[in-house]
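Structure assessment
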Amino acid sequence: MSILALDAEGLYLELLMGVRALFRPGMHLVGITSGGAWLAERLQRDLSLPEPHGVISSALHRDDYARRGMTAAAQTQIPFDVNNASIILLDDVLFTGRTIRAVINELFDFGRPAMVKLAVLVDRGGRELPIQADVCAARIVLPATQSLALARSDAGVFSFNVKAR
């Protein structure tokens, strides 16, 4: 798929269908700051889930923490017991897999979940770790010199930002 053809709102609808098919009663949504948290918030509403979603940050467990330091992104807030929980982890863009590894480490700081599934809006390839999404709305090829991130307008409409790295 071409980067020019990426329709974030259309891909969100694909993600919604995939998460709806994956979701079972008692599961919890946890979104990775910031794009994944936006997805979790909207999915929570669109799936009419009664329990609040969680937000998780990768900041404290990143392997490049010394270089990046603490970001201004939201901190981890998980409003349920992680022990034995079934969790759908949400992110906007899956790339190397390092953010997912860091987030799983953060999740285990809160307890031991029974199961963790991964749902992403876009998989751009380039994996450095053996991590794969259970639900993916689109797969694209993007040069390593570019970054792709989800953006959200004040009205809650999703779009993508592409920048040189």
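All values reported here derive from a predicted model rather than from experimental measurement. (Residues numbered from 1 in each chain as written. Predicted model: local features only at pLDDT ≥ 70, side-chain atom pairs only at ≥ 80, totals over all residues. Heavy atoms only, no water.)

What follows is about the overall build of the protein. Looking only at helices and strands, the protein has four helices and seven strands in total. For the protein, the succession of helices and strands along the chain, N to C, is α-β-α-β-α-β-α-β-β-β-β. In the protein, buried positions account for 48% of the 165 residues. A sequence separation of at least 24 residues applies to 67% of the contacts in the protein between residues at least 6 apart. A total of about 8,500 Å² of accessible surface is found on the protein, and carbon and sulfur atoms cover 52% of it. (Helix = DSSP H or I, 4+ residues; strand = E, 2+ residues; numbered from the N terminus. Buried < 20%, exposed > 50% of the residue type's maximum accessible area, 1.4 Å probe, protein only. Contact = heavy atoms within 4.5 Å. Areas by Shrake-Rupley, 256 points an atom, 1.4 Å probe, with all protein chains shown as cover.)

Turning to the packing of aromatic side chains, a few remarks are in order. In this description, a pair of aromatic rings is defined by centroid distance and the angle of the planes. For the structure shown, the criterion picks out one aromatic pair. Considering the side-chain rings of Tyr12 and Phe158, the 5.7 Å spacing of their centres and the 55 degrees angle between planes classify their relative orientation as tilted. Taken together, the positions of Tyr12 in helix H1 (residues 8-22) and Phe158 in strand S7 (residues 158-164) put the pair 146 residues apart, joining distant regions of the chain. Under the relative-accessibility criterion, Tyr12 is labelled buried at 0%. On the basis of relative accessibility, which here comes to 4%, the residue Phe158 falls in the buried class. Above the face of the Tyr12 ring, Arg42 is positioned so that its terminal group lies 4.2 Å from the ring centre. Its guanidinium or amino end placed over the ring of Phe95, Arg124 lies 3.8 Å from that ring's centre, counting from NZ or CZ. (Phe/Tyr/Trp six-rings, centres within 6.5 Å; stacked < 30°, edge-to-face > 60°. Lys NZ or Arg CZ within 6 Å of the ring centre and 35° of its normal.)

This brings us to the side chain of Glu106. Inspection of the secondary structure puts Glu106 in helix H4 (residues 98-109). This buried residue, Glu106, is left without a salt bridge; Arg101 holds the nearest opposite charge, at 9.9 Å. Discounting residues that sit within four places of it in the chain, Glu106 has contacts with Ile56, Ser57, Leu60, His61 and Thr76. (Lys, Arg positive; Asp, Glu negative; His and termini not counted. Salt bridge = Lys/Arg side-chain N within 4 Å of Asp/Glu carboxyl O.)

Before going further, it helps to examine the pattern of salt bridges. Within the structure shown, the criterion is met by five salt bridges. Of the charged contacts in the structure, one is a salt bridge between Arg152 and Glu41, with a shortest N-O distance of 3.5 Å. Taken as a pair, Arg152 in strand S6 (residues 146-152) and Glu41 in helix H2 (residues 35-46) lie far apart in primary sequence, 111 residues in all. The exposure class assigned to Arg152 is partly exposed, which follows from its relative accessible area of 35%.

What follows covers the environment of Val116. In this fold, Val116 is placed in strand S4 (residues 115-123). Taking C-alpha positions, Val116 is 6.1 Å from Ser86, a pair spaced 30 residues apart along the chain.

Now for the sheet that holds strand S1 (residues 28-32). Working definition: the strands of a sheet are paired by backbone hydrogen bonds and lie parallel or antiparallel to each other. Read from one edge of the open sheet, five strands run S2-S1-S3-S4-S5, paired in parallel fashion. Each end of this open sheet is capped by a strand with a single partner; those strands are strand S2 (54-56) and strand S5 (135-139). Each adjacent strand pair in this sheet contributes to an overall mean axis angle of 25 degrees, direction not counted. As judged from the four bridges shared by S1 and strand S3 (residues 86-94), these two strands associate in the parallel manner. Considered in S3, the bridge of Val30 is made with Leu89. (Pairing = 2+ DSSP bridges. Axes fitted to C-alpha atoms, helices over the stretch in contact; angles between N-to-C directions.)

So, on to the pairing of S6. The pairing of S6 with S7 spans seven bridges and is classified as antiparallel. Paired with Ala149 across the strands is Asn161, a residue of S7. Counting the residues between successive antiparallel strands, the hairpin from S6 to S7 contains five residues, one of them, Gly156, with a positive phi of roughly 90 degrees.

Looking along the chain, the bond that leaves Thr33 and enters Ser34 is cis, with omega of -10 degrees. Examined against the element boundaries, Ser34 turns out to sit in the loop between S1 and H2. Phi angles above zero are rare outside glycine, and Ser48 is one such case at about 55 degrees. Along the polypeptide, Ser48 turns up in the loop between H2 and S2. Note on Ser48: relative accessible area 62%, which makes it exposed. The phi dihedral of Asn84 is positive, around 65 degrees, even though this residue is not glycine.

Just distances and angles here, no functional claims.
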